[in-house]
Amino acid sequence: MSRAVVPAAVVLWTGATLLLSQLRWFARPQLVDRLRPYVPQAAESSGGLLSLESFRDVLGPVARAAGARLARLFGVSEELSLRLQRIHSPLDATEFRMRQVGWATGAFGGGALAAVALRPSPAAAVVLGLLPPLVTFLVLEQQVVAESERRQRRIVLELPVVAEQLAMLLSAGFSLGAALNRLAARGDASSAAIQDLRRVCTRIRHGLTEIDALREWARVMRVDALDRLVPVLALNREAADLGRLISAEARTIRQDLHRQLVETMERRSQQVWIPVTVATLVPGVVFMAIPFVEALRAFSSS
C-alpha cells in the first residue's frame, strides 16, 4: 500500500505547489507580470517564447494547448484569450490554463488517494482518478463562459442608453473622440459599457484611431447590436446628422430587445401549461383506464 501512496502523494504535492504559486504571499510576481498592466494588448504569441528557467515556464505552453483542445472537445470553440479580455480578467490565457492544471492536478491527487484508501474495483478506480480533474477543468471553463455571456448581455442592455448619450454629445458639437472621453470619464463606473469605453479611450491614447478602437471593442464583444452601431459611428467625418443616425440605431436596438423580451415571456407562458397539462391528463387517463379494463374483463369472461 505504501508504494501506491507515494505516487499519489507526489501528484498531490505538485498540484498543491501549482495552486500556491497563484497566491501573492507564496510566489513573488515576475517582472513580466508586474509590467504587463502597463503594456496595452500584450501579444499572446509571447507565451510560446517562454524561458526554461522554471517548471511553470515549461508547462505553460503545453497546458494552454492541451486546455484549448479539451475545451473544443466539449463544445467551447471561442478563444480563451478573447473571453478573458471580454470580462476584463487580469489573467492571460496561459495563466488561466496553469490555474486549471493546478486545480485538476490537485483533484487527481485527491481522487487517487481516495482510490488507494477505498480500494474499489479497477473500473471505479479509473473513474475516481479521471472524473475529478475533468469536472474541475470543466467547472473553471464554464465559469469563464458564463461570465462572458453575462458581460455580453449587459452590453446589449446598456448599449441603447450609451448610444443616445453619444448622440446628444455629438449633436451638441463634440467630436467623436471628445464624446467618448467625456462619457467614459463621467459615466457610471459599475456599467459594463462604460468600463469598455474607458478601455477604448485608453487604446485611443495609445495611438489607435477612434474607429479602430471601437472596431476592436466590437471584435472582442461579438454583439450584433454593437456590430451595427460601430459602422454608424464610423460616419462621423462624413455624415452631418450623425446624432440622428445614432438615435435611430438606439431605437432599433431597443426594439430588438423588446422583441426578445416578448418572445421570452411567451415561451415561459407556454411552459407554464406543461405541468398543468400533465396534471390534468394523468387523472383523466386513470379514470379512462378503469372502465376500459373492466370492459376487457367483461368481454374476456363472456
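Calculation criteria
Residues numbered from 1 in each chain as written. Predicted model: local features only at pLDDT ≥ 70, side-chain atom pairs only at ≥ 80, totals over all residues. Heavy atoms only, no water. Helix = DSSP H or I, 4+ residues; strand = E, 2+ residues; numbered from the N terminus. Buried < 20%, exposed > 50% of the residue type's maximum accessible area, 1.4 Å probe, protein only. Contact = heavy atoms within 4.5 Å. Areas by Shrake-Rupley, 256 points an atom, 1.4 Å probe, with all protein chains shown as cover. Patch = residues over 30% accessible without salt bridge, like charges linked within 9 Å, V, L, I, M, F, W, Y side chains within 5 Å. Salt bridge = Lys/Arg side-chain N within 4 Å of Asp/Glu carboxyl O. Axes fitted to C-alpha atoms, helices over the stretch in contact; angles between N-to-C directions. Parallel < 35°, antiparallel > 145°, perpendicular 65-115°, else oblique. Nonpolar A, V, L, I, M, F, W, Y, C, P; charged D, E, K, R; others polar. Expected span 1.5 Å × (residues − 1). Bend = angle between axes of the 7 residues up to and from the residue. pLDDT = per-residue confidence, 0-100. Core = buried A, V, L, I, M, F, W, Y, C linked by side-chain atoms within 4.5 Å. Arc of directions from axis to C-beta.

Please explain the overall build of the chain as it appears in this structure.
When helices and strands are counted, the chain shows 11 helices and 0 strands. Secondary structure elements in the chain, listed N-terminal to C-terminal, are α-α-α-α-α-α-α-α-α-α-α. The proportion of buried residues among the 302 residues of the chain is 32%. Taking the intrachain contacts of the chain between residues at least 6 apart in sequence as the baseline, contacts between residues at least 24 apart amount to 66%. For the chain, the computed accessible surface area is about 18,800 Å², with 64% contributed by carbon and sulfur atoms.

Help me out: how do you make sense of unusual backbone geometry in this one?
For residues besides glycine, phi is generally negative; the peptide bonds are generally trans as well. Its identity is not glycine, yet Arg119 carries a phi of approximately 50 degrees, on the positive side. Within the secondary structure layout, Arg119 lies in the loop between helix H5 (93–118) and helix H6 (122–171).

Looking at this model, I keep getting lost on a nonpolar patch on the surface. Mind explaining?
A cluster of nonpolar side chains, contributed by Ile274, Val278, Val282, Val286, Phe287 and Ile290, occupies part of the molecular surface with about 590 Å² of accessible area. Residue placement: Val286 occurs in helix H11 (residues 242–301).

Would you explain the pattern of salt bridges in this entry?
Opposite charge on two side chains makes pairing possible when the charged atoms of those side chains draw close. A complete count under the given rule lists 14 salt bridges for this structure. The salt bridge involving Asp196 is made with Arg151; its shortest N-O contact spans 3.4 Å. On the criterion of sequence distance, the pair formed by Asp196 in helix H8 (residues 192–205) and Arg151 in helix H6 is long-range, its members being 45 residues apart. Note on Arg151: relative accessible area 6%, which makes it buried. When the shortest N-O distance is used, the salt bridge between Asp256 and Arg228 registers 2.9 Å. Residue Asp256 is located in helix H11, and its partner Arg228 is located in helix H10 (residues 224–233); the two are separated by 28 residues in the primary sequence. What makes Arg228 partly exposed here is its relative accessible area of 33%.

Explanation requested: the packing of H10 against H11 in the structure shown.
When two helices pack together, their arrangement is given by the angle between the helix axes and the distance between those axes. Where H10 contacts H11, the axes come no closer than 10 Å and their chain directions differ by 170 degrees. When the axes of H10 and H11 are compared, the pair comes out roughly antiparallel. Residue-level inspection shows Ala225, Arg228, Leu229, Val232 and Leu233 of H10 in contact with H11, the latter providing Leu242, Leu245, Ile246, Glu249, Ile253 and Asp256. The residue makeup of the contact of H10 with H11, split by class, is 8 nonpolar, no polar and 3 charged.

What's the story with H6 in this structure? I'm lost.
Count 3.6 residues to each turn of an α-helix, and residues three or four apart come out pointing the same way. With 50 residues, H6 should cover 74 Å at 1.5 Å per step; its first-to-last C-alpha distance of 73 Å lies within 8% of that length. Glu158 marks the point of greatest bend in H6, at about 40 degrees, and the proline Pro160 comes within the next four residues. Gly173 sits one or two residues past H6 and shows a positive phi near 110 degrees.

Explanation requested: the confidence of the model for the chain in the structure shown.
Note: predicted coordinates in regions of low pLDDT should not be interpreted at a detailed level. Averaged over all residues, the pLDDT of the chain equals 82, while 86% of them reach at least 70. Contacts for the low-pLDDT stretch residues 42–53, under 50 throughout, to residues beyond four places or in other chains number 12 contacts.

Would you explain the nonpolar core in this entry?
The nonpolar side chains of a soluble globular protein tend to be buried with one another. Ranked by size, the top nonpolar core spans 38 residues in total, and within it Leu197, Leu214, Trp217, Leu226 and Ile246 carry the most contacts. Looking at this core, the elements with two or more residues in it are H6, helix H7 (176–186), H8, helix H9 (210–221), H10 and H11. At 9 residues, H6 tops the list of elements feeding residues into this core. Setting aside anything within four residues of it in sequence, one finds Leu197 in contact with Val162, Leu180, Leu183, Ala184 and Trp217. Counting residues in hydrophobic clusters, the runner-up holds 8 residues, among them Leu80, Leu84, Ala93 and Val144.

I'm lost on H10 in this one. Help?
Taken together, the buried positions of H10 are occupied by Ala225, Leu226, Leu229, Val230, Val232 and Leu233. Seen from one end, H10 has its buried residues packed into an arc of 160 degrees, which puts them on one side. In the core, the buried residues of H10 are packed alongside H6, H7, H9 and H11.

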